[in-house]
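Below, each chain spelled out in residue letters.
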Amino acid sequence: MKTFEHGGQIEKFASDLGCNISEIIDLSSNINFVKPQINIDFNSLDISSYPTYDKLYKKIADNYAVRSEEIELFNGGSSAIFTLFKHLDLKSCTIYSPAYLEYKKASLNFGYELDIINRFDDISAPVKDGSFVIFVNPSTPDGKYYELEELMKTWIKKSCTILIDESFLDFCDKPSAIKYLKSYDKLYILKSMTKFYSSAGIRVGTIVSTKENIEKLKRFEPMWKLSQFDSNYLQAALDDKLFKSISKAINVKNKIELENILKSSILVEDILESSANYVLIKLKSLNAKEFQEKLKPFKIMVRDCSNFDCLDERYVRVAVKSSNANEALSEALKQIC
């Protein structure tokens, strides 16, 4: 598997099987399968003039209970990550791994001295003074939520610049690290609404930080970087006031279904605790590639996690999807045992 390859490569998977994309059950992608109600006619959008973003900034800021001056929007979460690595002008980076692979990619691309901390085995490992600390919470690919109080004390004592990635926090009722901005100014929080609002094709990522930090970031940003389609879609999604509670409830119910299916399979050795919309499993005897090959006849796609730091070839991520998808996986697991 390629070093920085991600899940959701559904077009290639369908092509390899010689079937339509619509026939694939994609359990590799951690995009929410529940979608908000969008009441907007995109054909009526005026795209003849340059976009303005004041309303979008206000809605997203209100969603996270911060001020508009405390957020900057980017053309997707990965763009936000690369911008931070490029412009913070730091020397070393510490990634608590396994983690979203774009962090390691950005660190290597911008010449950072990289330290990997295995958060499963040694989460209390020391960090360098002034390091750029990366922590994903809930984590990926396992979905664990961490209480950060003690880690924050350690990082602050070391005068670290901190990035907390909360791309999957919307899937659970856990507190955000935003509260730490009141007491520490070298903190950045990444929010990726496209995961929860089922809109990976809408490229909007949000960085929350102090007003002063945001002003510095804005100096490097182009005037127009989001389309009218991006802006209007997310505004309409945020107008669906019932979506958050409904989506969380459905995902929790279906995750319990999924976990019970996986627990009952003799192929699975371990299921890691998750607060997100996916679970990480450790296979008993098969490796991830062998497991995927056995699922191919059922047109089911899972995420091989062997290219994550600190994981071996027996780890697979399975996303929470519909009850029908759960049933299909259950039948497949029974037949391939």
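Now for a quick tour of the structure.

1. A few points about the overall build of the chain
Stage number 1. What the chain contains, in helices and strands, is 11 helices and 13 strands.
Stage number 2. Taken against the 2.2 N^0.38 rule, which gives 20 Å for 337 residues, the C-alpha radius of gyration of the chain at 20 Å falls within 12% of a compact globule.
Stage number 3. For the chain, the spread of C-alpha atoms along the three principal axes comes to 60 × 55 × 35 Å.
Stage number 4. Classification of the 337 residues of the chain by burial places 54% in the buried group.
Stage number 5. In the chain, the proportion of contacts linking residues at least 24 apart, taken out of those at least 6 apart, comes to 71%.
Stage number 6. As displayed, the chain has an accessible area near 15,600 Å², and 50% of this comes from carbon and sulfur atoms.
Stage number 7. Looking at charge distribution, the chain has the averaged site of its 46 positive side-chain charges lying 1 Å from that of its 47 negative ones.

2. Concerning the sheet that holds strand 12 (residues 303-304)
Stage number 1. Taken together, four strands build an open sheet; the order of strands is 9-10-13-12 and the sheet is antiparallel. Either end of the sheet is taken by a strand with one partner, and the two such strands are strand 9 (268-271) and strand 12.
Stage number 2. Seen against the sheet, helix 9 (residues 243-263) touches strand 9, strand 10 (278-283) and strand 13 (315-319) and runs at an angle of roughly 5° to strand 10.

3. What about a nonpolar patch on the surface?
Stage number 1. On the surface, Y50, M223 and W224 cluster together to form a nonpolar patch covering roughly 420 Å² of accessible area.
Stage number 2. By secondary structure assignment, the location of W224 is in the loop between helix 7 (211-218) and helix 8 (228-238).

4. Focus on helix 10 (residues 288-295)
For an α-helix the count is 3.6 residues per turn, leaving residues at separations of three or four pointing the same way.
Stage number 1. Within helix 10 the residues assigned to the buried category are A288, F291, Q292 and L295. The buried residues of helix 10 occupy one face: seen down the axis, they fall within an arc of 100°.
Stage number 2. Here the buried face of helix 10 lies against helix 1 (10-17), strand 10, strand 11 (300-301), strand 12, strand 13 and helix 11 (323-336).
Stage number 3. At the N-terminal end of helix 10, a side-chain oxygen is found 3.1 Å from the backbone nitrogen of K289, two or three residues along, and the residue is N287.

5. Remarks on the environment of Y233
Stage number 1. Tracing the sequence through the fold places Y233 in helix 8.
Stage number 2. When its relative accessible area of 14% is taken as the criterion, Y233 is described as buried.
Stage number 3. When the C-alpha positions of Y233 and Y197 are compared, they lie 9.9 Å apart, and in sequence the two are 36 residues distant.
Stage number 4. Leave out the neighbours within four places in its chain, and Y233 touches P36, I38, F42, Y197, S198, S199 and I202.

6. Here's the deal with the pattern of salt bridges
Stage number 1. Across all of its chains, the model carries 23 salt bridges by this definition.
Stage number 2. R67 is the partner of E69 in a salt bridge, and the nearest nitrogen-oxygen pair spans 3.4 Å.
Stage number 3. Between E150 and K153 there is a salt bridge whose closest N-O contact spans 3.4 Å. A residue pair is termed a helical-turn pair when its members lie 3 or 4 positions apart in one helix, as E150 and K153 do in helix 5 (residues 149-157) at three residues.
Stage number 4. One continuous salt-bridge network, built from bridges that share partners, spans E72, K218, E221 and K225.

Calculation notes
As a convention, each chain's residues are numbered from 1 in the sequence order in which they are written. Only residues with pLDDT of at least 70 get local features here, since the model is predicted, and only at 80 or more are side-chain atom pairs given and counted; chain-wide, interface and lining totals rely on the full set of residues. Excluded from the side-chain calculation are hydrogens and water; included are all heavy atoms of the structure. A run of DSSP states H or I qualifies as a helix once it reaches four residues; a run of E qualifies as a strand once it reaches two. Both are numbered from the N-terminal end. For this measure, only C-alpha atoms enter the radius of gyration; the expected value for a globule follows 2.2 Å times N^0.38, where N is the number of residues. Working definition: with a 1.4 Å probe on protein chains only, accessible area under 20% of the residue-type maximum means buried, over 50% means exposed, and in between means partly exposed. Two residues qualify as a contact provided that any one of their heavy atoms is within 4.5 Å of a heavy atom in the partner residue. Areas reported here follow the Shrake-Rupley algorithm with a probe of radius 1.4 Å; residue values treat only the protein chains shown as occluding. Neither His nor the chain termini are counted; the positive set is Lys and Arg, and the negative set is Asp and Glu. Lys charges are placed at NZ, Arg charges at CZ, Asp charges at CG and Glu charges at CD. Strands are treated as partners if at least two bridges between them are detected by DSSP. Note on geometry: axes are C-alpha line fits, over the in-contact stretch for helices, and angles between N-to-C directions span 0 to 180 degrees. Patch definition: residues with relative accessible area over 30% and no salt bridge; like charges joined within 9 Å; nonpolar side chains (Val, Leu, Ile, Met, Phe, Trp, Tyr) joined within 5 Å. Salt bridge, as used here: a side-chain nitrogen of Lys or Arg that lies within 4 Å of a carboxyl oxygen of Asp or Glu. When we speak of the arc, we mean the arc of directions from the helix axis to the C-beta atoms. Throughout this description, a polar contact denotes any pair of N or O atoms lying within 3.5 Å of each other; where both atoms belong to protein, one of them has to be capable of donating a hydrogen while the other can accept it, and for residues adjacent in sequence the pair is counted only when both atoms sit in side chains.

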